Amino acid sequence: MDARILNALSTYNDTLLSLYQAHLQEVLALQTTLLDQILPNLVDELGLDALAVQRATDWLHDTPSIFRMLKRHKFTASFALESMRMTLVWRLTALPAQRPPPALQTDIIHCLPRTSLDHFGRPVLVIRLAALGEVASDPRPYFLTAIELLRVNLKSLNDASEEPRRHPVLQYTLLLDMADVSMRSINVDLLTWYTRDVVPRFPGLLAAVFMINFSWTHSGVWNILKHVLPASALTKVFFPSPQTLHHIIPPAGLPQDYGGTLPPIEALENPLRLSPASP
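The name given to the chain in an unreviewed UniProt entry is CRAL/TRIO domain-containing protein, and the organism recorded there is Auriscalpium vulgare.

Below, the discussion takes up the environment of R68. Mapped onto the fold, R68 is located in helix 3 (residues 63–72). Judged by relative accessible area, which is 7%, R68 ranks as buried. With 186 residues separating them along the chain, R68 and L254 place their C-alpha atoms 27 Å apart. Within the structure, R68 has its side chain in polar contact with the backbone oxygen of P203 (distance 3.2 Å).

Our focus in this paragraph is the packing of aromatic side chains. Overall, the coordinates contain 7 aromatic pairs when judged by the stated rule. With a centroid separation of 6.1 Å and 85° between ring planes, the pair formed by W90 and F202 is classed as edge-to-face. Taken together, the positions of W90 in helix 4 (residues 77–93) and F202 in the loop between helix 6 (188–198) and strand 4 (206–212) put the pair 112 residues apart, joining distant regions of the chain. Summarising the burial analysis for this pair, W90 and F202 share the class buried. Plain terms: the ring middles of F214 and F239 are 4.9 Å apart, the flat faces sit at 65° to each other, and that makes the pair edge-to-face. Pair noted here: F214 is in the loop between strand 4 and helix 7 (219–228) and F239 is in the loop between strand 5 (237–238) and helix 9 (242–248), with a separation of 25 residues, a long-range link.

All right, on to helix 6 then. Turning to helix 6, its buried residues number three or more, namely L190, L191, W193 and V198. For helix 6, the angular spread of the buried residues around the axis is 160°, confining them to a single face. Counted as exposed and oriented over 90 degrees from the buried face of helix 6: D189 and R196. Packed against the buried residues of helix 6 are helix 5 (140–159) and helix 7.

It is worth spelling out the sheet that holds strand 5 at this point. Taken together, 5 strands build an open sheet; the order of strands is 1-2-3-4-5 and the sheet is mixed. Each of the sheet's edge strands pairs with one partner strand only, and the pair in question is strand 1 (109–111) and strand 5. Two strands pair when backbone bridges link them, and strand 2 (residues 124–128) and strand 3 (residues 172–177) are joined in this way by 5 bridges, in the parallel orientation. For L125, the partnering residue across the bridge sits in strand 3 and is L174. Across the sheet, helix 1 (residues 3–46) touches strand 4 and strand 5, and the angle it forms with strand 4 is around 160°. Contacts from helix 5 reach strand 1, strand 2 and strand 3, with the element oriented near 15° to strand 1.

It is worth spelling out the packing of helix 3 against helix 4 at this point. Helix 4 packs onto helix 3 with a crossing angle of 125° between their chain directions and a minimal axis gap of 8 Å. As the angle between them shows, helix 3 and helix 4 are arranged oblique. Between helix 3 and helix 4 lies a crossing whose hand is right-handed. Contacts between helix 3 and helix 4 involve I66, M69 and L70 from the first element and A77, A80, S83, M84 and T87 from the second. A per-class count over the contact of helix 3 with helix 4 returns 6 nonpolar, 2 polar and no charged.

Reading the values: the criteria
- Residues numbered from 1 in each chain as written.
- Predicted model: local features only at pLDDT ≥ 70, side-chain atom pairs only at ≥ 80, totals over all residues.
- Heavy atoms only, no water.
- Helix = DSSP H or I, 4+ residues; strand = E, 2+ residues; numbered from the N terminus.
- Buried < 20%, exposed > 50% of the residue type's maximum accessible area, 1.4 Å probe, protein only.
- Polar contact = N/O pair within 3.5 Å; in protein donor to acceptor, adjacent residues only side chain to side chain.
- Phe/Tyr/Trp six-rings, centres within 6.5 Å; stacked < 30°, edge-to-face > 60°.
- Arc of directions from axis to C-beta.
- Contact = heavy atoms within 4.5 Å.
- Pairing = 2+ DSSP bridges.
- Axes fitted to C-alpha atoms, helices over the stretch in contact; angles between N-to-C directions.
- Parallel < 35°, antiparallel > 145°, perpendicular 65-115°, else oblique.
- Left-handed = near helix turned anticlockwise from the far one by under 90°.
- Nonpolar A, V, L, I, M, F, W, Y, C, P; charged D, E, K, R; others polar.

Rendered as structure tokens:
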């Protein structure tokens, strides 16, 4: 068992929850400003209809999302507020109001069942990186829709929680499956788009990334990832042994593909494919 990985994850989790509690009143104050001042101004400026106002209100009531954006701006409220206003305008003008479930020739992101939680109570995602090489169309609409659905899923988990403010679900744990990955699977333009355009609008969704089925033959792929991804993202990347992985995510929460007792991943329902998007 890799104690270094476990200690790093535990420290990170404790620190994040402490920050959430320490800054919760600032988050709530930002939500009040956004709902009482920013949104009414945008209603007049953009001529928003009732559906658009409801979409905006739904996002503004997503307290963990507001926290993650405040944290991204180092808890400087003025910077965070301006970023949230810009993000809100983007959501109302660029993010489609009615989104079909994402569909490609093959699933890239799998959201495991809600019973699949890591040691810290976070839901688990799987990305099969080789699937990117099988995509003939532009995958950006897929990723944008899927990431919004991930945000909505976290919000629904917190809405259903008995103590959402004391024990919020703030992030996901990601398994990045490197099986059958080649240089052709690495879309540098997609990674650049993700870090430049998506992360600022959906910051902090991932707590940790575990590289699965990684071998020395993937060193070239890893070198590309290290040059494209920001340093803050690289600190969340780990290379666990099977034993360590099963300590972090119990086998009962993993598909057979990764040594778990759930059915194979292709036989599991994928909420990102089957759940409708929020209005």
